[in-house]
Structures are given as structure tokens and as C-alpha cells.
Amino acid sequence: MLNLVLFGPPGAGKGTQSEKLINKYKLIHLSTGDILRSEISLGTDLGLEAKKLMDQGLLVPDEVVIGMISNKLDSNKESNGFIFDGFPRTVAQAEALDKLLESKNSSIAGMIALVVNDEELEKRLLNRGKDSGRPDDANPEIIRKRIVEYNSKTAPVANYYKEQSKFTSINGIGTVDEIFNSICTVVDSY
């Protein structure tokens, strides 16, 4: 089973590259953001709490996210693997994900990080906010807070995977196809 973590700050291109990876390698996409937005649109208690936190640029509690991921894994047991998009964001989440996958006789093959500078990220997110209607992409102050939150809390996750020799960084600036080809070179080496 091919399990990948696609990593990078908000606006790095994870969603775009995930789609291409899913099509090429026949993976199941696990985007915690999409799962949470679905809960929000359904108006569930979890969704309402998540919306409150997301609107402030904060993260949703780990146990909630791990529970959702476990359910997704269980309902897709016959898949070629999963692509984790936007998760794990902390070392504690990475450790919890490793334990969860181990309990299902699986593991992470590797983490691929898309590297994009803060100025480009803010520009991309503001453009995405105009098209998507996502309030967390329309406010420059919240965007900057999300980038700071990413840099302070999620950068240590890269070290977690580096220690396991499962980390590769890719330049996230370029054409979609250039970036995708770089990612595929890494994935094909697993």
C-alpha cells in the first residue's frame, strides 16, 4: 500500500498535486480540510466547532481528526493507498497517524513537502479566496496567521519524517506539470 503525506503551507499547491497523484497512482485522497468543510456544510456539531476554530486560523483537535481518518481508512480497505493532504500538522499527529496505520498493518511510504515562499503563498491564497468563496482565504490577516501557524507548528513534522528517512522537499514554484514530474520521480523511488 502506497501511503503518502503531501506537505506544505496553505496555498502551496497540495490540492492540485493531490488530484494528479490520485489519478496516476489510484490513491484515495484524505484531505482533512475537505473532510472538515463537509462537516461544516452538513451543519454537524463537529462542523460548527471546526468552523469556529478555522475562522480564527486555528487547528481542530487531533483526536477528532484521527477519528475521521480511521473511519476513512476502514471504508477504503481495498485501495492502492492514501494521500494525506494537510495532515499530519504536528509531531503528535504524525505519531498518532503512525500508530493508527501500524494498527492496520500499514505505514507512511514518504512525506513530500512543497516549498513556497510566504509572499507567493499570500498571493495564491488571496486569488483562491476570490474564486472559492472560502472566508479563510479572503482575509490577509488570517492568511498570515495561518502561515505563521504552519511555520511554527508543522515545520517540526518535517524533522520527524527526516529522522525516518522518509522526507523529500520539492520546489513548489513552477508549472503544475514541472512540480508534478518532480513529485513522481520521488514517488516512483518508493
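In what follows, the structure referred to is the one given above.
Residues numbered from 1 in each chain as written. Predicted model: local features only at pLDDT ≥ 70, side-chain atom pairs only at ≥ 80, totals over all residues. Heavy atoms only, no water.

(A) Structural view of the packing of aromatic side chains. In total, this model carries three aromatic pairs according to the counting rule given. Between Phe7 and Tyr150, the aromatic rings sit 5.7 Å apart at their centres with planes inclined by 50°, giving tilted as the arrangement. Here Phe7, found in strand E1 (residues 2-7), pairs with Tyr150, found in helix H7 (residues 140-163); they are 143 residues apart in sequence, far enough to count as distant. Tyr150 shares its class with Phe7; the two are buried. When the ring of Phe82 is compared with that of Phe84, the centres are 6.4 Å apart and the planes differ by 40°; the resulting orientation is tilted. Both residues of the pair, Phe82 and Phe84, count as buried. It is Lys20 that lies over the ring of Phe180; its NZ or CZ is 4.8 Å from the centre. When the ring centre of Phe167 is taken as origin, the NZ or CZ atom of Lys162, which lies over that ring, is 4.9 Å away. (Phe/Tyr/Trp six-rings, centres within 6.5 Å; stacked < 30°, edge-to-face > 60°. Helix = DSSP H or I, 4+ residues; strand = E, 2+ residues; numbered from the N terminus. Buried < 20%, exposed > 50% of the residue type's maximum accessible area, 1.4 Å probe, protein only. Lys NZ or Arg CZ within 6 Å of the ring centre and 35° of its normal.)

(B) Inspection of the side chain of Gln93 at higher detail. By the secondary structure assignment, Gln93 is in helix H5 (residues 91-103). On the basis of relative accessibility, which here comes to 3%, the residue Gln93 falls in the buried class. In contact with Gln93, not counting residues within four places along its chain, are Val60, Asp62, Ile66, Phe87 and Pro88. (Contact = heavy atoms within 4.5 Å.)

(C) Structural detail: the pattern of salt bridges. Applying the stated criterion across every chain, the model contains seven salt bridges. The partner of Glu122 in a salt bridge is Arg144, with the nearest N and O atoms 2.7 Å apart. On the criterion of sequence distance, the pair formed by Glu122 in helix H6 (residues 118-132) and Arg144 in helix H7 is long-range, its members being 22 residues apart. Owing to a relative accessible area of 19%, Glu122 belongs among the buried residues under this scheme. The exposure class of Arg144 is partly exposed, given its relative accessible area of 42%. Several salt bridges converge on common partners, so that one network encompasses Glu120, Lys123 and Arg124. (Salt bridge = Lys/Arg side-chain N within 4 Å of Asp/Glu carboxyl O.)

(D) Geometry of the nonpolar core. In terms of nonpolar packing, the biggest core is built from 28 residues, with Phe7, Ile69, Leu73, Phe84, Leu97, Ile108 and Tyr161 touching the most fellow members. Setting aside chain neighbours within four positions, we find Phe7 in contact with Lys14, Pro88, Met111, Ile112, Ala113, Leu114, Tyr150, Thr154, Val157 and Ala158. Core analysis: the second largest hydrophobic core is formed by 23 residues, Leu2, Leu6, Leu114 and Val186 among them. (Core = buried A, V, L, I, M, F, W, Y, C linked by side-chain atoms within 4.5 Å.)

(E) Highlighting the packing of helix H1 (residues 14-25) against helix H8 (residues 176-187). At a closest axis distance of 10 Å, the pairing of H1 and H8 adopts a crossing angle of 50°. If you check the angle between H1 and H8, you find them oblique. For the crossing formed where H1 meets H8, the hand is right-handed. Between H1 and H8, the contacting residues are Thr16, Gln17, Lys20, Leu21, Lys24 and Tyr25 on the first element and Val176, Asp177, Ile179, Phe180, Ile183, Cys184 and Val187 on the second. Its residues assigned to classes, the contact of H1 with H8 comprises eight nonpolar, two polar and three charged. (Axes fitted to C-alpha atoms, helices over the stretch in contact; angles between N-to-C directions. Parallel < 35°, antiparallel > 145°, perpendicular 65-115°, else oblique. Left-handed = near helix turned anticlockwise from the far one by under 90°. Nonpolar A, V, L, I, M, F, W, Y, C, P; charged D, E, K, R; others polar.)

(F) View of the sheet that holds E1. Spatially, five strands are ordered E2-E3-E1-E4-E5 in an open sheet, and the strand pairing comes out parallel. A strand with exactly one partner marks an edge of an open sheet, and here the two such strands are strand E2 (28-31) and strand E5 (167-171). Within the sheet, the average angular offset between the axes of one strand and its neighbour, ignoring direction, is 20°. Along the sheet face, H7 touches E1, strand E4 (110-115) and E5 and points at about 145° away from the line of E1. (Pairing = 2+ DSSP bridges.)

(G) Structural context of H5. For H5, built from 13 residues, the straight-helix expectation of 18 Å at 1.5 Å per residue is met to within 8% by its first-to-last C-alpha distance of 18 Å. Residues of H5 that are buried include every one of Gln93, Ala94, Leu97, Asp98, Leu100 and Leu101, and no others. Buried residues of H5, seen end-on, are gathered within an arc of 165° and therefore sit on one face of the element. Along H5, exposed side chains directed more than 90 degrees from the buried face belong to Lys99, Glu102 and Ser103. As for H5, its buried residues are in contact with E1, helix H4 (62-74), strand E3 (81-85) and H7. Positive backbone phi, at 55°, marks Asn105, one or two positions downstream of H5. (Expected span 1.5 Å × (residues − 1). Arc of directions from axis to C-beta.)

Any functional reading would require information beyond the geometric quantities listed.
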